[in-house]
Amino acid sequence: MTDILNIILITILVIIILFLLRKIKLIKSRHQKKLAELYKDLSKLAEQKESFFEKLSLNSELEDAMTHARKRLNEEIFDLQMEVFRNIKQD
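Notes on the structure follow.

Observations concerning the overall build of the protein chain
A tally of helices and strands in the protein chain yields one helix and zero strands. For 91 residues, the compact-globule estimate of 2.2 N^0.38 gives 12 Å, and the C-alpha radius of gyration of the protein chain, at 39 Å, exceeds that figure by more than 25%. Projected onto its principal axes, the C-alpha coordinates of the protein chain cover approximately 135 × 15 × 10 Å. Burial statistics for the protein chain: of 91 residues in total, 0% are counted as buried. Surface summary for the protein chain: the accessible area is close to 9200 Å², and the carbon and sulfur share equals 65%.

Set out below in structure tokens:
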């Protein structure tokens, strides 16, 4: 009788172990899928970050060019004003 009870208990334990192993594989599979999605999202964010830095660099270069153009324009306006004053003085 004890042998039959031991065999039944061992069988139940084996079934429980197999069930738990199956659950572990399922959890592992889900985890790997989520991890793959996270890496995919991370790579997208890295690409967006690079794109934003490129745009920021272009904006910075544009701002520098505009500042330089304003400076040149102000210098030319000043030169023209000085020329006009010289012409007025000469007349």
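Things to note about a positive patch on the surface
Residues Lys-23, Arg-30, Lys-33 and Lys-34 make up a contiguous surface patch of positive charge. Inspection of the secondary structure assignment puts Lys-34 in helix H1 (residues 2-90).

A short note on a negative patch on the surface
Among the surface-exposed residues, Glu-75, Glu-76, Asp-79 and Glu-83 lie close enough to one another that they form a single negatively charged patch. Inspection of the secondary structure puts Glu-76 in helix H1. For Glu-76, a relative accessible area of 43% translates into the label partly exposed.

Reading the values: the criteria
The written sequence of each chain sets the order in which its residues are numbered from 1. Per-residue local features of the predicted model are confined to residues with pLDDT of at least 70, and side-chain atom pairs are confined, for both listing and counting, to 80 or more; whole-chain, interface and lining totals are unaffected and use all residues. Calculation of side-chain values draws on the structure's entire complement of heavy atoms; hydrogens and water are dropped beforehand. Labels follow the DSSP assignment, with helices taken as runs of H or I lasting at least four residues and strands as runs of E lasting at least two, numbered in each case from the N terminus. Throughout, the radius of gyration refers to the C-alpha atoms, and the reference size of a globule is 2.2 Å times the residue count to the power 0.38. Throughout this description, buried means an accessible area under 20% of the type-specific maximum (1.4 Å probe, protein chains only), exposed means over 50%, and partly exposed covers the range between. Accessible areas in this description were obtained via Shrake-Rupley with a 1.4 Å probe; residue shielding takes into account the shown protein chains only. For patch building, the residue pool is restricted to those with more than 30% relative accessible area and no salt bridge; the joining distance is 9 Å between like charges and 5 Å between nonpolar side chains (Val, Leu, Ile, Met, Phe, Trp, Tyr). Salt bridges are counted wherever a side-chain nitrogen of Lys or Arg sits within 4 Å of a carboxyl oxygen of Asp or Glu. Lys and Arg are tallied as positive, Asp and Glu as negative. Neither His nor the chain termini are counted. Think of each charge as sitting on NZ of Lys, CZ of Arg, CG of Asp or CD of Glu.

In short, geometric facts, not functional conclusions.
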